[in-house]
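Now for the letters of each chain:
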Amino acid sequence: MLKVKNIDTFYGNVQALNQVSIEVGEGEIVAVIGSNGAGKSTLMNSIAGLVPVKHGTIEFMGKDITKAKDYQISRSGLIQIPEGREIFPNMTVLENLEMGAYSHKLSRAQMKEKLETMYGLFPRLQERSGQKAGSLSGGEQQMLAIARGLMADPKLLMCDEPSLGLAPVIVDGMFDIFVRVNKEMKIPLLIVEQNAFMALNISQRCYVMENGSIIATGESSVLAKEDTIKKAYLGG
């Protein structure tokens, strides 16, 4: 579904990504792991059209989106849940969810059905539906960011550092949700994570980034056993 081939991305004269290539197939959960500053978020923002790609190509569902605008990319079904959540803090939980489906012009019945699906995944959001999003806990805000992304009917969901700043018990539940979304809603996921253990645990394949380059790739279950990965990213 997603094919990133040999992309280079720069911030001014500083090269942030160097010949990066990744793929996500239908039905997959693919992880990108690496330490802080490895280039993971730059990769996500390059795919989402938020940072221009200088060289290389990005294809989504067979269409070249390398030069597409960010709103064109999101409308095509490639939805990013950004690092830091970026919810609308002064709007209610319900209003945030409705904004996720804004571009789809849903009927009242369709909107109700989608909201019920989200509340089924995240019961806490139903309890907080009339509450200002900015008053939610960090975990609840991350739930809201994920649910808002799902309201947009993604064909592929990209999650940038979803566990950042969250308690371990919250992280466990959130990654369980990712597995449910993948299996029950048939949505492939690309997850960028510093929490390498969790990312490797739920993904089928993984790419390891360092200094803006891919330094290793393979099946997640195999990479988790490799000494270099365990020492660098799993504390082994």
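A brief look at the structure comes next. (Residues numbered from 1 in each chain as written. Predicted model: local features only at pLDDT ≥ 70, side-chain atom pairs only at ≥ 80, totals over all residues. Heavy atoms only, no water.)

## Here we look at the overall build of the protein
Looking only at helices and strands, the protein has 10 helices and 10 strands in total. The C-alpha radius of gyration computed for the protein amounts to 17 Å, which stays within 12% of the reference 18 Å derived for 236 residues, consistent with globular compactness. Summarising its shape, the C-alpha atoms of the protein cover approximately 45 × 40 × 30 Å along the three principal directions. In the protein, buried positions account for 47% of the 236 residues. Element-wise, carbon and sulfur atoms account for 49% of the exposed surface of the protein, whose accessible area totals about 11600 Å². Computed over 25 positive and 26 negative side-chain charges, the separation of the two mean positions in the protein equals 4 Å. (Helix = DSSP H or I, 4+ residues; strand = E, 2+ residues; numbered from the N terminus. Rg over C-alpha atoms; globule rule 2.2 N^0.38 Å. Buried < 20%, exposed > 50% of the residue type's maximum accessible area, 1.4 Å probe, protein only. Areas by Shrake-Rupley, 256 points an atom, 1.4 Å probe, with all protein chains shown as cover. Lys, Arg positive; Asp, Glu negative; His and termini not counted. Charge placed at Lys NZ, Arg CZ, Asp CG, Glu CD.)

## Some thoughts on helix H3 (residues 93-100)
Of the positions making up H3, those classed as buried are Val93, Asn96, Leu97 and Gly100. Axial view of H3: buried residues confined to an arc of 95°, hence all on one face. (Arc of directions from axis to C-beta.)

## Some words on the nonpolar core
With 37 residues, the main nonpolar core has Leu97, Leu144, Leu150, Leu157, Phe178 and Leu189 as its most contacted residues. Mapped onto this core, the elements with two or more residues apiece are strand S6 (78-81), H3, helix H4 (108-121), helix H6 (138-151), strand S7 (156-160), helix H7 (168-184), strand S8 (189-193) and helix H8 (196-202). Ignoring anything within four residues of it in the chain, the contact list for Leu150 reads Lys114, Met118, Leu121, Leu157, Val181 and Ile187. Residues Val30, Met44, Ile47 and Ile65 belong to the second largest nonpolar core, which totals 26 residues. (Core = buried A, V, L, I, M, F, W, Y, C linked by side-chain atoms within 4.5 Å. Contact = heavy atoms within 4.5 Å.)

## Side note on the layout of surface pockets
A volume near 810 Å³ is recorded for the largest pocket. Surrounding the largest pocket, 28 residues form its lining, Ser74, Ile79, Gln80, Gly100 and Ala152 being those nearest its centre. The set of elements that each furnish at least two residues to the lining of the largest pocket consists of helix H2 (70-75), S6, H3 and H6. Looking at the lining of the largest pocket element by element, the count peaks at five residues for H2. (1 Å grid on protein atoms, 1.4 Å probe; cavity = no way out; pocket = protein on both sides within 12 Å on 5 of 7 lines; lining within 4 Å. Points joined across faces, edges and corners; volume = space filled by probe spheres on them.)

## Examining the sheet that holds strand S9 (residues 205-210)
Here we have six strands laid out as an open sheet, ordered S6-S7-S8-S3-S9-S10, and mixed in their pairing. Each edge of the open sheet carries a strand with a single partner, namely S6 and strand S10 (213-219). Averaged over all adjacent pairs, the angle separating strand axes in this sheet is 15°, with direction ignored. Sitting on the sheet, H7 touches strand S3 (29-33), S7 and S8, and the angle it makes with S8 is about 160°. (Pairing = 2+ DSSP bridges. Axes fitted to C-alpha atoms, helices over the stretch in contact; angles between N-to-C directions.)

## A few points about the packing of aromatic side chains
This structure, assessed with the given rule, holds one aromatic pair. For the ring pair Phe175 and Phe178, a centre distance of 5.5 Å and an interplane angle of 85° mean the geometry is edge-to-face. With a gap of three residues between them, Phe175 and Phe178 both fall in helix H7, about one helical turn apart. The two residues Phe175 and Phe178 agree in class, both being buried. The aromatic ring of Phe10 is capped on one face by Lys54, whose charged end is 4.8 Å from the ring centroid. (Phe/Tyr/Trp six-rings, centres within 6.5 Å; stacked < 30°, edge-to-face > 60°. Lys NZ or Arg CZ within 6 Å of the ring centre and 35° of its normal.)

## Focus: unusual backbone geometry
The phi dihedral of Met61 falls on the positive side, at around 55°, and the residue is not glycine. Relative to the helices and strands, Met61 is located in the loop between strand S4 (55-60) and strand S5 (63-64). Unlike most non-glycine residues, Asn211 shows phi in positive territory, near 50°. Given the relative accessible area of 67%, Asn211 is considered exposed.

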